[in-house]
Amino acid sequence: MSKTDIVLLPGDGIGPEIVDAVTEILDAAGADLNYHKYEIGAAEFERNGKLIPDETIDAINKYKIALKGPVTTPIGKGFKSVNVQLRLKFDLYINLRPAYSIANISKFQNVDIVTVRENTEDLYIGEEHQIEDGFEAIKRITVKASDRIIRFAFEYAKANGRKKVTCVHKANILKQSDGLFLARFNEIAKEYPDITPDTKIVDNMCMQLVINPSQFDVIVAPNLYGDILSDLIAGLVGGLGLVPGANLGKEVAIFEAVHGSAPDIAGKGIANPIALLEAAVMMLNHIGKKDIAEKITNAILKTLTNGESLTKDLGGNANTKELTKAIINNL
Ligand code: ATP
């Protein structure tokens with residue numbers, strides 16, 4: 001197996017701690033990766049005045065694959081979220097977020113849901129305007145972006161033996177924008193007769209997910225609902241410390257945890273590295289290192305179901321280093 005070049009972006013807050021833990025596990029598993037480390041985020045902004053330095057952009061363009069820690073965007077005027085900027089810059093229009101139940105860890109068993117979140121438009125275009133007594137924000141939903149994400153959700157379902165795709169919307173209120181997303185879903189669904197199409201209004205979807213999550217398979221949603229629902233689904237299976245995400249475009253793929261930079265626990269050495277490790281597993285599958293991906297997945301499952309060295313977010317007392325060691329021992 002040949003060494004694969006990847007860009008490593010430690011990011012902010014707990015980012016550097018969990019990136020160190022994950023690379024230690026990847027190396028112990030024999031992933032054979034060549035890491036090219038670059039800076040990104042609020043700490044880099046403090047140092048050099050740029051949230052995403054040009055060298056980082058060039059490296060992602062060169063190597064095409066990145067494993068990224070969480071980043072903090074400074075609060076204030078003129079700062080567009082680093083994640084949103086990266087997604088737009090590389091046209092990473094797919095945000096793929098799988099979440100599954102783990103015995104002895106998850107509150108709900110039989111959850112196996114893949115959320116396919118549109119990643120380039122909706123309210124996240126960040127167009128806010130002042131009006132007389134406050135602000136208004138633009139929600140953009142286009143045919144192009146809707147079609148490509150909905151088609152990806154069905155293609156993903158087809159390629160992975162999944163049976164149902166649920167479209168989440170609020171078309172009863174947002175008749176034009178969400179109405180368009182829903183109409184494109186109903187149209188594209190006709191091309192996939194073997195997959196059951198399902199539609200849910202977002203508020204009902206939240207209730208259904210909490211009452212009976214096992215009824216869902218693949219979910220496709222515009223950006224904002226996809227963001228919110230994937231945190232909710234993370235909660236069903238054991239929390240933000242477990243769930244990964246892949247940002248995929250035609251050329252570039254950036255793998256990350258669903259969670260943020262967790263400033264409340266940064267620097268304490270107690271962060272759970274598993275969400276980022278699961279993102280690394282998605283990356284290994286993406287670059288064809290499926291055996292190593294499976295080896296790491298099995299070690300994660302063994303560690304979690306045995307309740308070995310669990311971090312605080314999972315109900316244990318272990319620190320990042322102890323959990324990392326336990327996973328390595330189970331490889
Ligand atoms: P963002 O807006 O960037 O998503 P956020 O402020 O919504 O960030 P997170 O940074 O994801 O939230 O943190 C939410 C909570 O979950 C915090 O209490 C944090 O400590 C906890 N948390 C997040 N990730 C982890 C992790 N890997 N291990 C342990 N706890 C975590």
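Keep in mind that what you see is a predicted model, and the values were worked out from it rather than measured. (Residues numbered from 1 in each chain as written. Predicted model: local features only at pLDDT ≥ 70, side-chain atom pairs only at ≥ 80, totals over all residues. Heavy atoms only, no water.)

Visitor: An account of the site of the ligand is needed here, citing residue identities and associated values.
Guide: In the vicinity of the ligand, the contacting residues are Ile14, Leu240, His259, Gly260, Ser261, Ala262, Asp264, Ile265, Ala271, Asn272 and Asp313. With respect to the ligand, the backbone of Ser261 contributes an N or O atom lying 3.4 Å from an oxygen atom. Here the ligand, which alone exposes 620 Å², has 59% of that area covered by the protein. When its residues are assigned to classes, the shell around the ligand shows five nonpolar, four polar and two charged. (Near = heavy atom within 4 Å. Polar contact = N/O pair within 3.5 Å; in protein donor to acceptor, adjacent residues only side chain to side chain. Areas by Shrake-Rupley, 256 points an atom, 1.4 Å probe, with all protein chains shown as cover. Nonpolar A, V, L, I, M, F, W, Y, C, P; charged D, E, K, R; others polar.)

Visitor: Just give me the short version of the packing of aromatic side chains, but keep the residues and values in it.
Guide: This structure, assessed with the given rule, holds three aromatic pairs. When the centroid spacing of 6.1 Å and the interplanar angle of 40° are considered together, the rings of Phe152 and Tyr156 count as tilted. One end of the pair, Phe152, and the other, Tyr156, are both in helix 5 (residues 143–159), four residues apart, so they sit about a helical turn from each other. For the ring pair Phe154 and Phe185, a centre distance of 5.4 Å and an interplane angle of 35° mean the geometry is tilted. One end of the pair, Phe154, is in helix 5; the other, Phe185, is in helix 6 (residues 177–189), and 31 residues separate them in sequence. Every member of this aromatic cluster is reached through a ring pair, and the members are Phe154, Phe185 and Tyr192. Seen from the ring of Tyr124, Arg117 lies directly overhead, with NZ or CZ sitting 5.3 Å from the centre. (Phe/Tyr/Trp six-rings, centres within 6.5 Å; stacked < 30°, edge-to-face > 60°. Helix = DSSP H or I, 4+ residues; strand = E, 2+ residues; numbered from the N terminus. Lys NZ or Arg CZ within 6 Å of the ring centre and 35° of its normal.)

Visitor: Could you give an account of the sheet that holds strand 10 (residues 218–221), with specific residues and numbers?
Guide: Read across the sheet, 10 strands follow the order 2-1-3-12-11-4-5-10-8-9 without closing on themselves; strand pairing throughout is mixed. Pairing within the sheet leaves two strands with one partner each, and these edge strands are strand 2 (33–37) and strand 9 (196–201). Each strand of the sheet is rotated relative to its neighbour by a mean of 25°, with strand direction disregarded. Pairing between strand 5 (residues 112–118) and strand 10: four bridges, direction parallel. Within the sheet, the bridge partner assigned to Arg117 lies in strand 10 and is Ala221. Taken strand by strand, helix 9 (residues 274–286) contacts strand 1 (4–9), strand 2, strand 3 (65–68), strand 4 (94–100), strand 11 (244–248) and strand 12 (253–257), and its axis lies near 155° from that of strand 12. (Pairing = 2+ DSSP bridges. Axes fitted to C-alpha atoms, helices over the stretch in contact; angles between N-to-C directions. Contact = heavy atoms within 4.5 Å.)

Visitor: I'd like to hear about the side chain of His36, residue by residue, with values.
Guide: Mapped onto the elements, His36 comes out in strand 2. Here Asp5 takes part through its side chain, which lies 2.8 Å from a polar atom of the side chain of His36. In this structure His36 touches Asp5, Ile6, Val7, Leu8 and Tyr63, once residues within four positions along its chain are discounted.

Visitor: An account of the nonpolar core is needed here, citing residue identities and associated values.
Guide: In this structure, Leu67, Leu96, Val220 and Phe255 are the most contacted members of the largest nonpolar core, which totals 83 residues. For this core, the element with the most residues is helix 9, which contributes nine residues. Shared between two domains, this core takes at least three residues from each, and those domains are domain 1 (1–93 + 240–331) and domain 2 (107–237). If sequence neighbours within four positions are ignored, Leu96 has contacts with Val114, Thr115, Val116, Phe152, Tyr156, Pro244, Gly245, Ala246, Leu248 and Met282. The next biggest cluster of nonpolar side chains, apart from the first, holds 17 residues, and it includes Val7, Ile57, Phe90 and Ile254. (Core = buried A, V, L, I, M, F, W, Y, C linked by side-chain atoms within 4.5 Å. Buried < 20%, exposed > 50% of the residue type's maximum accessible area, 1.4 Å probe, protein only. Domains from an automatic or database assignment.)

Visitor: Give a description of the domain arrangement of the protein chain that names residues and reports values.
Guide: Annotation of the protein chain at the domain level lists domain 1 (1–93 + 240–331) and domain 2 (107–237). Once you take the C-alpha centre of each, domain 1 and domain 2 turn out to be 25 Å apart. Taken together, the contact pairs 13 residues of domain 1 with 12 residues of domain 2. Carbon and sulfur atoms supply 58% of the area that domain 1 and domain 2 bury against each other, a total of about 1,100 Å² over both sides. Considering only the surface of domain 1 that becomes buried against domain 2, Arg87, Tyr93 and Leu240 emerge as the three largest contributors, covering 46% of it. Among the salt bridges present, the one from Asp91 reaches Arg148, with a minimum N-O distance of 2.9 Å. Joining domain 1 to domain 2, the criterion identifies four residue pairs in polar contact (both at pLDDT 80 or more). If you list the elements that add at least two residues to the side of domain 1 that touches domain 2, you get helix 4 (82–89) and strand 11. When residues of the side of domain 1 that touches domain 2 are assigned to their parent elements, the largest contribution, three residues, is made by helix 4. Residues of the side of domain 1 that touches domain 2, tallied by class, amount to nine nonpolar, one polar and three charged. (Buried area = accessible area lost by both parts, 1.4 Å probe. Salt bridge = Lys/Arg side-chain N within 4 Å of Asp/Glu carboxyl O.)

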